[in-house]
Amino acid sequence: LVMASSHTVLMRLVASAYSIAQKAGTIVRRVIAEGDLGIVEKTSATDLQTKADRLVQMSICSSLARKFPKLTIIGEEDLPSEEVDQELIEDGQWEEILQQPCPSQYRSIKEEDLVVWVDPLDGTKEYTEGYYVIDIHFFFIGLLDNVTVLIGIAYEGKAIAGVINQPYYNYQNNEKQKLREHRNEAKAGPDAVLGRTIWGVLGLGAFGFQLKEVPAGKHIITTTRSHNSKLVTDCITAMNPDDVLRVGGAGNKIIQLVEGKASAYVFASPGCKKWDTCAPEVILHAVGGKLTDIHGNALQYNKEVKHMNSAGVLATLRNYDYYASRVPESVKNALVP
């Protein structure tokens, strides 16, 4: 207890969220391995919920609430209140995070001052489409790396810390490794490690990935795979991109920005929610990027705020002004903050 109290509330929370996100990634993989996704439609055929969404949200919210009972926790899924199975609870803390200094402006934050935004499975549609079964073998078809688990932490309405788990990061190497093992060509090596966790705190930095930028002068836009519309298309066309990547998941798109695969994330639509953007925004801002709505307004994350990002999302690692200046007035007029 003495050790725990020597760390600030924020760093203890981030260290716990890291361990909890890793457990969440394990749950996500286990649900697919068991073969029953338990899919239900929420509002439409593109708005889905799976058994993994439900179990992961219960795991994250219950684990956080036990350790930090005064937190406000807002999760995507509307779940009934029920007793949570003990095996879903994660009590660990990531020691490497506890060894990091808390930025001075956050040292006196109290538990009750923080709001946590949870997306248990960002990219659910891709999760449901990302595998198929032949006999008892699973084959992944290139969509599972779109999936992330998002835990964002906000203070005074601002996103200040975040954790992103990618359950299927490195899955292509993993699949090749399993095939080699099946043929007795090689034993499992480091390439076979599946999944990773990225984390960040404003004023401290972002960790767990290699920061990379798109080559200078290249304009590569990442945008929605399943929620396209005329507004989205008009906005992207006005930016005169060299290439457009249509992928799932807000967390995945921000990772594309910080790993040099895309230069701007453009979503001129009201479909995105606060739990989609809170954690990814922190990772981007911690390395000097910028995320706003389509008008250039900062997103607010206080507990009373409406959940919908009704004025869309515009995010870049660099050259924000280039993209912001090209958003058509017709798009701005259609998307009301």
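Right above here is the structure, for reference.
Because the structure is predicted, anything quoted here is derived from the model rather than measured.

Quick word on the packing of aromatic side chains
- Following the criterion strictly, the structure yields 6 aromatic pairs and no others.
- What links up through ring pairs into an aromatic cluster is the set W117, W275 and Y301.
- Sitting above the plane of the Y320 ring, K290 keeps its charged end 4.4 Å from the centroid.

A few points about the sheet that holds strand β13 (residues 264–267)
- Taking strand neighbours across the sheet as the criterion, the 5 strands line up as β12-β11-β13-β15-β14 in an open arrangement whose pairing is mixed. On the outer flanks of this sheet lie β12 (243–247) and β14 (290–292), each paired with one strand and no other. Averaged over all pairs of adjacent strands, the angle between strand axes in this sheet comes to 20°, irrespective of strand direction.
- Two elements, strand β11 (residues 220–224) and β13, share 2 bridges in a ladder whose sense is parallel. Of the residues in β13, the one forming a bridge with I221 is A264.
- Across the sheet, helix α7 (residues 230–238) touches β11, β12 and β13, and the angle it forms with β11 is around 175°.
- Each of β14 and β15 (313–316) touches helix α9 (residues 274–286); the most contacted strand, β14, lies at about 150° to it.

Re the pattern of salt bridges
- Counting across every chain of the model gives 12 salt bridges.
- Note that E87 and R30 form a salt bridge whose closest N and O atoms lie 3.9 Å from each other. With E87 in the loop between β3 (72–75) and α4 (95–98) and R30 in helix α2 (residues 9–34), this residue pair connects regions lying 57 residues apart in the sequence.
- A network of salt bridges, in which partner residues are shared, links R30, E34, K51 and E87.

Comments concerning unusual backbone geometry
- Even without glycine at this site, E156 takes up a positive phi of about 50°.
- Its location among the elements puts E156 in the loop between β7 (148–155) and β8 (158–166).
- On the accessibility criterion, E156 (66% relative accessible area) is exposed.
- For N240, which is not a glycine, the phi torsion comes out positive at approximately 50°.
- Looking at the secondary structure, you find N240 in the loop between α7 and β12.

Rules and cut-offs
Residues numbered from 1 in each chain as written. Predicted model: local features only at pLDDT ≥ 70, side-chain atom pairs only at ≥ 80, totals over all residues. Heavy atoms only, no water. Phe/Tyr/Trp six-rings, centres within 6.5 Å; stacked < 30°, edge-to-face > 60°. Lys NZ or Arg CZ within 6 Å of the ring centre and 35° of its normal. Pairing = 2+ DSSP bridges. Helix = DSSP H or I, 4+ residues; strand = E, 2+ residues; numbered from the N terminus. Axes fitted to C-alpha atoms, helices over the stretch in contact; angles between N-to-C directions. Contact = heavy atoms within 4.5 Å. Salt bridge = Lys/Arg side-chain N within 4 Å of Asp/Glu carboxyl O. Buried < 20%, exposed > 50% of the residue type's maximum accessible area, 1.4 Å probe, protein only.

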